[in-house]
Amino acid sequence: SNIPKIVIVGAGYGGILTAQQLQKELKHNEANVTLINRHDYHYITTHLHMPAAGTDTIEHSRIPIAQLIDEFKVDLVKGTVKEIIPGEKKIVLEDGSLSYDYLVIGLGGEPETFGIPGMDKFALTIRSINSVRLIREHIEYQLALYKNDGNPSRLNFVVGGAGFSGIEFIAELADRLPQLAKAYDIDFNRIQIINVEAAPTALPGFDPELVEYAMDVLKRKGVTFRIGIPIKECLQDGVIVGEDEKIEACTVVWTGGIRGNGLIEKAGFEVMRGRVKIDDFLRAPGHDDIFIIGDSSLMLNPEGRPYPPTAQIAMQQGVVCAKNLAATLRKKELHKFVFSNKGTVASLGKGEAVAVVGKRKIKGWVAAQLKKIVDLRYLFIIGGIPLVLRKGRFF
Ligand code: FAD
Ligand code: NAD
């Protein structure tokens with residue numbers, strides 16, 4: 001048939017929002033839409049610090065994609081993309097390949113290790129359901145091993161990087177480890193939870209007053225900060241920091257930043273840290289048939305600095321991407337993407353958070369409630385009230 005084929009790769013924030021908006025925009029037979037994702041579930045990346053530490057179940061952080069998509073309008077393909085070949089308008093999967101007329105790349109990011117030796121091999125990362133399963137099991141296993149071999153390094157937990165991911169994860173860890181210590185008959189005072197940050201401050205770029213508040217909350221929960229000290233190497237039993245100091249730890253979780261999905265650079269696009277600098281309409285330069293959104297894309301704010309890769313921007317891009325696909329099919333004018341910043345809320349574990357909304361700074365219990373609302377709002381956007389009731393965390 002000569003119905004145009006739209007293929008979306010990746011069903012994260014960007015991919016799901018694109019697919020859902022296309023369902024609304026497109027008329028019957030205007031295009032065939034296919035959504036390809038490695039798993040048959042969508043995961044809520046912004047929740048993953050909780051199942052990683054074990055403070056929440058994994059089931060709260062994932063949703064079957066079939067519950068989010070109208071299968072009469074969008075074909076779901078469970079598959080792992082191996083290669084993107086723009087010259088042939090082709091996507092190669094592990095088993096077979098697919099051609100497209102229009103492509104949306106929403107494959108997310110991957111951990112940026114900056115080439116730090118050992119980081120790929122020995123550090124754990126918070127990036128998917130499978131990666132957080134590993135962290136959760138690893139933490140408990142270290143305590144079990146400690147009870148058998150008495151190796152004190154098993155009681156040291158290092159988080160590398162104090163960006164939002166590092167801070168949110170270490171907060172959960174600090175909530176979880178006292179419970180685990182009790183369960184494993186270990187004195188919590190013997191456990192060390194260490195956050196190493198290379199920059200002169202935790203949460204670089206965030207409001208200094210809120211950074212101080214966040215650090216105070218976490219210190220009270222037992223976190224030790226090592227600020228202004230870069231990790232130079234990761235080993236099986238610790239990290240080398242600053243000038244050759246070794247911090248012994250059998251658990252290292254790396255939250256030092258992310259880069260674009262490696263498949264994009266391999267496809268021959270020009271990238272910065274794996275990301276493609278897209279045009280105002282979300283397209284790859286020189287490719288009017290390829291849209292790139294979310295963590296794999298790079299966009300500059302009006303001051304010329306890159307927007308941080310967030311779920312918030314990925315979602316907004318998804319909606320505009322779908323509108324621009326419809327406009328392209330109809331040979332209408334495309335919409336310029338304009339980011340609307342709704343604010344930032346970072347969780348600090350149970351009952352604590354910090355937030356900046358417009359010019360307002362919010363902290364403590366109120367900010368923690370705001371975080372819950374933001375999370376519930378996302379469930380509502382993608383799945384309405386039924387999803388809020390199924391997956392929402394109200395307490
Ligand atoms: P993703 O959501 O990462 O989705 C990518 C999808 O592509 C996944 O479904 C994946 O399975 C799939 N995929 C990847 N490779 C392949 C392949 N080869 N083949 C097939 N499928 C593939 N942002 C906020 O705005 N607010 C927050 O509060 C917030 N909290 C966060 C907390 C944590 C712990 C972390 C790690 C991040 C947080 N972020 C937050 C950032 C946010 O999660 C990301 O910016 C967002 O997930 C990016 O969306 P995306 O659509 O680009 O990619
Ligand atoms: P990030 O890049 O924001 O932070 C990484 C941190 O690691 C930085 O502070 C950096 O200085 C530090 N670092 C880098 N190299 C280091 C080294 N060798 N040794 C020690 N520290 C080192 O990455 P992230 O925290 O994973 O966040 C990724 C994106 O997701 C960001 O855009 C962030 O805004 C977003 N996010 C948002 C939220 C939220 O809004 N609540 C939560 C998590 C993530």
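What counts, and where the lines are drawn
- Residues numbered from 1 in each chain as written.
- Chains lettered and ligands numbered in written order.
- Predicted model: local features only at pLDDT ≥ 70, side-chain atom pairs only at ≥ 80, totals over all residues.
- UniProt positions renumbered as here; feature names shortened; annotations may be inferred.
- Helix = DSSP H or I, 4+ residues; strand = E, 2+ residues; numbered from the N terminus.
- Rg over C-alpha atoms; globule rule 2.2 N^0.38 Å.
- Buried ≥ 20, exposed ≤ 12 C-beta atoms within 10 Å, placed from the backbone.
- Contact = placed C-beta atoms within 7 Å.
- Pairing = 2+ DSSP bridges.
- Axes fitted to C-alpha atoms, helices over the stretch in contact; angles between N-to-C directions.
- Domains from an automatic or database assignment.
- Near = placed C-beta within 6 Å.
- Nonpolar A, V, L, I, M, F, W, Y, C, P; charged D, E, K, R; others polar.
- Expected span 1.5 Å × (residues − 1).
- Arc of directions from axis to C-beta.
- Left-handed = near helix turned anticlockwise from the far one by under 90°.

As recorded in an unreviewed UniProt entry, the chain goes by NAD(P)/FAD-dependent oxidoreductase and comes from Paenibacillus farraposensis. Database annotation for the chain, UniProt heading Cofactor (unreviewed entry): "FAD". Listed in UniProt under the heading Sequence similarities (unreviewed entry), the comment for the chain reads: "Belongs to the NADH dehydrogenase family."

**A word on the overall build of the chain**
If you tally the helices and strands in the chain, you get 9 helices and 24 strands. The C-alpha atoms of the chain give a radius of gyration of 22 Å, which matches the 21 Å a tight globule of 395 residues would have. Across its three principal directions, the C-alpha atoms of the chain cover 70 × 40 × 40 Å. When the 395 residues of the chain are sorted by exposure, 44% land in the buried category. Long-range pairs, those at least 24 residues apart, make up 65% of the contacts in the chain between residues at least 6 apart in sequence.

**Things to note about the sheet that holds strand E22 (residues 344-347)**
Pairing is antiparallel across the open sheet formed by 3 strands, whose spatial order is E22-E23-E24. Both edges of this open sheet fall to E22 and strand E24 (360-363), since each of them pairs with a single strand only. Put simply, the sheet's adjacent strands are angled 10° from each other on average, direction ignored. Judged from the 4 bridges that link them, E22 and strand E23 (residues 353-357) form a sheet pairing that is antiparallel. Bridged to serine 347 within E23 is alanine 353.

**Overview of the domain arrangement of the chain**
Often the size quoted for an interface is simply the accessible area lost on bringing the parts together. Once the domains are mapped, the chain shows domain 1 (5-111 + 258-341) and domain 2 (119-254). Inter-centroid distance (C-alpha atoms) of domain 1 to domain 2 is 32 Å. Taken together, the contact pairs 14 residues of domain 1 with 18 residues of domain 2. Taken together, the elements giving at least two residues each to the side of domain 1 that touches domain 2 come down to helix H2 (49-53) and strand E10 (109-111).

**Some thoughts on the sheet that holds strand E12 (residues 192-197)**
The parallel open sheet is built from 4 strands, whose spatial order is E13-E12-E11-E17. Looking at the sheet topology across the chains shown, the edges are occupied by strand E13 (223-227) and strand E17 (251-254). Across the sheet, the mean angle separating the axes of adjacent strands is 20° when strand polarity is ignored. Strand direction decides the pairing type here: strand E11 (residues 156-160) and E12, joined by 5 bridges, are parallel. Bridge pairing links glycine 160 to valine 196 in E12.

**Some details on the site of ligand 2**
Lining the immediate environment of ligand 2, one finds 27 residues, of which Gly161, Gly163, Phe164, Ser165 and Pro308 sit closest. Those elements that provide at least two residues to the shell around ligand 2 are helix H5 (164-183), E12 and E22. Sort the elements by how many residues they give to the shell around ligand 2 and H5 lands first, with 4 residues. A breakdown of the residues in the shell around ligand 2 according to their chemical character gives 15 nonpolar, 10 polar and 2 charged. Both domains that furnish three or more residues to the shell around ligand 2 are identified here as domain 1 (5-111 + 258-341) and domain 2 (119-254).

**Considerations on the site of ligand 1**
Taken together, 32 residues surround ligand 1, and among them Gly10, Gly12, Gly108, Gly294 and Thr310 come closest. Among the elements of the structure, helix H1 (13-25), strand E2 (32-37), H5 and helix H8 (311-329) are those that each provide at least two residues to the shell around ligand 1. By residue class, the composition of the shell around ligand 1 is 12 nonpolar, 17 polar and 3 charged. Inspection of the shell around ligand 1 shows a minimum of three residues originating in each of domain 1 (5-111 + 258-341) and domain 2 (119-254).

**Remarks on the environment of glutamine 316**
Locating glutamine 316 in the fold gives a position in helix H8. For glutamine 316, a count of 21 C-beta atoms within 10 Å gives the class buried. Counting along the chain gives 32 residues from glutamine 316 to alanine 284, while the straight-line C-alpha distance between them is 17 Å. Each residue touching glutamine 316, except ones within four places of it in the same chain, is listed here: Phe339 and Ser340.

**As for the UniProt feature "domain: FAD/NAD(P)-binding" (unreviewed entry) in the chain**
Mapped onto this numbering, the UniProt entry gives "domain: FAD/NAD(P)-binding" (unreviewed entry) at residues 5-318. Helix makes up 28% of residues 5-318 and strand 27%, with an end-to-end C-alpha separation of 18 Å.

**Some points on helix H6 (residues 208-220)**
Here H6 is 13 residues long and its end C-alpha atoms lie 18 Å apart, about the 18 Å a rise of 1.5 Å per residue gives. Leu210, Ala214, Met215, Val217 and Leu218 are the residues of H6 that are buried. When H6 is viewed along its axis, its buried side chains cluster within an angular range of 160° and face the same direction. For H6, exposure combined with an orientation more than 90 degrees from the buried face picks out Pro208, Glu209, Asp216, Lys219 and Arg220.

**Some points on unusual backbone geometry**
With a phi close to 65°, aspartate 244 is a non-glycine residue in the positive phi region. Position of aspartate 244 among the secondary structure elements: in the loop between strand E15 (238-241) and strand E16 (245-248). Even without a glycine there, the phi angle at lysine 331 is positive, about 55°. Note on lysine 331: 6 C-beta atoms within 10 Å, which makes it exposed.

**As for the packing of H1 against H8**
Two numbers describe how H1 lies on H8: the axes approach to 7 Å, and their chain directions differ by 35°. Seen along the crossing, H1 lies across H8 with a hand that is right-handed. Packed against H1, whose contacting residues are Tyr13, Gly14, Gly15, Ile16, Leu17, Thr18, Gln21, Leu22 and Glu25, the element H8 presents Ala311, Ala314, Met315, Gln317, Gly318, Val319, Cys321, Ala322, Lys323, Leu325 and Ala326 at the interface.

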